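# Inside the fold
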Amino acid sequence: MAGANPGNEWPPREWFGKFYLADLHVHSRYSRATSRDMTVPTLARVAREKGLALVGTGDFTHPDYFRELSEYLVPAPEEGLYVFRDDPEGVRFVLSAEVSNIFSQGPYRNRRIHTLLLAPSLEVVREINLALSRLGDLSADGRPTFGFPVKKLVRLLREISPDIAIIPAHAWTPWYSVFGAFSGFNSVEECFEEETEHIWALETGLSSDPEMNWRISALDRYTLISNSDAHSPAKLGREANAFWYPMSYPALLSALREGNLAFTVEFYPEEGKYHFDGHRSCGVLFSPAETRAHGGRCPVCGEPLTVGVMHRVEELADRPEGYRPPGKPLSVHLVPLEEIIAEALGVGPQSKRVKRTYRQLVDLAGSEFALLLEKPLSELASFVPEKILEGIRRVREGRVYVRPGYDGVYGVVSIFGGEEEETTAEAPRQQSLF
Ligand SMILES: [Zn+2]
Ligand SMILES: [Zn+2]
């Protein structure tokens, strides 16, 4: 299989114990296309298995779910956070929601932006919900939709509490994001205008990683965060943030304002089905540079190529690939443990053998992140089968093979599939792709 060998950034050993992992963006079963299992008790259990210490509730705007949150959650010892009442020593919750604004603003028609919200207390959430219920139907979906500009949302929330975090969600997805090719703007300022100063952070989403965002100098002032946007328990923590202890809502806000987190856990953005450019039916897969070299047209059929997320990043980029601004959190790329096990065993990720092995290993190690991230390989060697251990080693070192998605075709990350190409493994991220 063709593939780059991207390498990886990795937290130094002495950081362990000083940070905790948080996934701030999830959905409840009240959101469309979401698993019925997405409830507070299940989130508490699965977040612990994953190794998350803090998880967003999701969907606090939904009236029925808000009632559940008020019943299930009690204040945690840490200011502004909550715990599941039946598991008071367990995972902490932060009140979170996502809203959708579809609007026109000045010359900009038909903008569609999703925004992640974090709130400091159930009392503040009650006020938010009261205000928003006058402007849209909160019970229609766990992620409600409004018809007014998103900057007006900022103003409204700031009037309720200055401690509400307002974070543009999955900032690069084509259809519903601040920079989306079909829905968005060219800058945060164009979108939020006089409210821009209240935007502290951007969620990079599954389709981009910090490396892509670092190429745009205008984004240096924003804290880049990563969350799962999980619609089912298994997806929890597939992207996450490592914040420094101590944990509290005020400390979380100041980390978002100042950008002082340890690292983010990233998916390989190449896995997304619109990462690169191309034509699926013509079998043409191009980097943005190759698309430009061909005048944007397919060399097989002559029609315009379908342009992906990387191309959109390059349109706005003012820095070359590989640029790293000083002082930014590390960008740690992981592959989900189930995928590592599946590839090591040579079976599908949904197979019973994978589920059984996953469960055994997580029980022995304490959590999925303990296996992927925390425990030294020498310690894992006592209970992790050799080939799975080798998979974990390669993921940590970034020795994986990545074939980008394009024109609706999912990309592929392979740990063992590119063995014969190992000699080209030193090549930088893009040049060895084809
Ligand atoms: Zn969204
Ligand atoms: Zn074509």
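Residues numbered from 1 in each chain as written. Chains lettered and ligands numbered in written order. Predicted model: local features only at pLDDT ≥ 70, side-chain atom pairs only at ≥ 80, totals over all residues. Heavy atoms only, no water.

### Things to note about the domain arrangement of the protein chain
Each assigned domain of the protein chain is listed here: domain 1 (19-261) and domain 2 (336-397). Of note, the centres of domain 1 and domain 2, computed from C-alpha atoms alone, are 30 Å apart. Every contact between the two is made by eight residues of domain 1 and, on the other side, eight residues of domain 2. Carbon and sulfur atoms make up 59% of the area that domain 1 and domain 2 hide from each other, which totals about 620 Å². For domain 1, the biggest contributors to the area lost against domain 2 are Leu 21, Glu 49 and Lys 50; these three give 69% of the whole. Inspection of the region where domain 1 meets domain 2 yields two salt bridges. (Domains from an automatic or database assignment. Contact = heavy atoms within 4.5 Å. Buried area = accessible area lost by both parts, 1.4 Å probe. Salt bridge = Lys/Arg side-chain N within 4 Å of Asp/Glu carboxyl O.)

### Things to note about the coordination of the zinc ion (ligand 1)
Protein coordination of the zinc ion (ligand 1) is provided by Glu 98 (OE), His 114 (ND1) and His 170 (NE2), with donor distances spanning 2.0 to 2.3 Å. Every donor residue of the zinc ion (ligand 1) comes from the same chain, spaced as E-x15-H-x55-H. Of this pair, Glu 98 sits in strand S5 (residues 92-105) while His 114 sits in strand S6 (residues 108-119), and the two are 16 residues apart along the sequence. (Donors = N, O, S within 2.8 Å, 3.2 Å for Na, K, Ca; no water. Helix = DSSP H or I, 4+ residues; strand = E, 2+ residues; numbered from the N terminus.)

### Quick notes on the coordination of the zinc ion (ligand 2)
Bound to the zinc ion (ligand 2) on the protein side are His 279 (ND1), Cys 282 (SG), Cys 298 (SG) and Cys 301 (SG), at distances that span 2.0 to 2.4 Å. Of note, the zinc ion (ligand 2) draws all its donor residues from one chain, in the sequence arrangement H-x2-C-x15-C-x2-C. Of this pair, His 279 sits in strand S13 (residues 277-279) while Cys 298 sits in the loop between helix H8 (288-293) and helix H9 (309-316), and the two are 19 residues apart along the sequence. Classification of His 279 by relative accessible area gives buried; the value is 9%. A residue is classified by how much of its surface remains accessible, and Cys 298, at 4% relative accessible area, is buried. (Buried < 20%, exposed > 50% of the residue type's maximum accessible area, 1.4 Å probe, protein only.)

### A look at the packing of aromatic side chains
According to the stated counting rule, one finds twelve aromatic pairs in the structure shown. The aromatic ring of Phe 148 is capped on one face by Lys 152, whose charged end is 5.0 Å from the ring centroid. (Phe/Tyr/Trp six-rings, centres within 6.5 Å; stacked < 30°, edge-to-face > 60°. Lys NZ or Arg CZ within 6 Å of the ring centre and 35° of its normal.)

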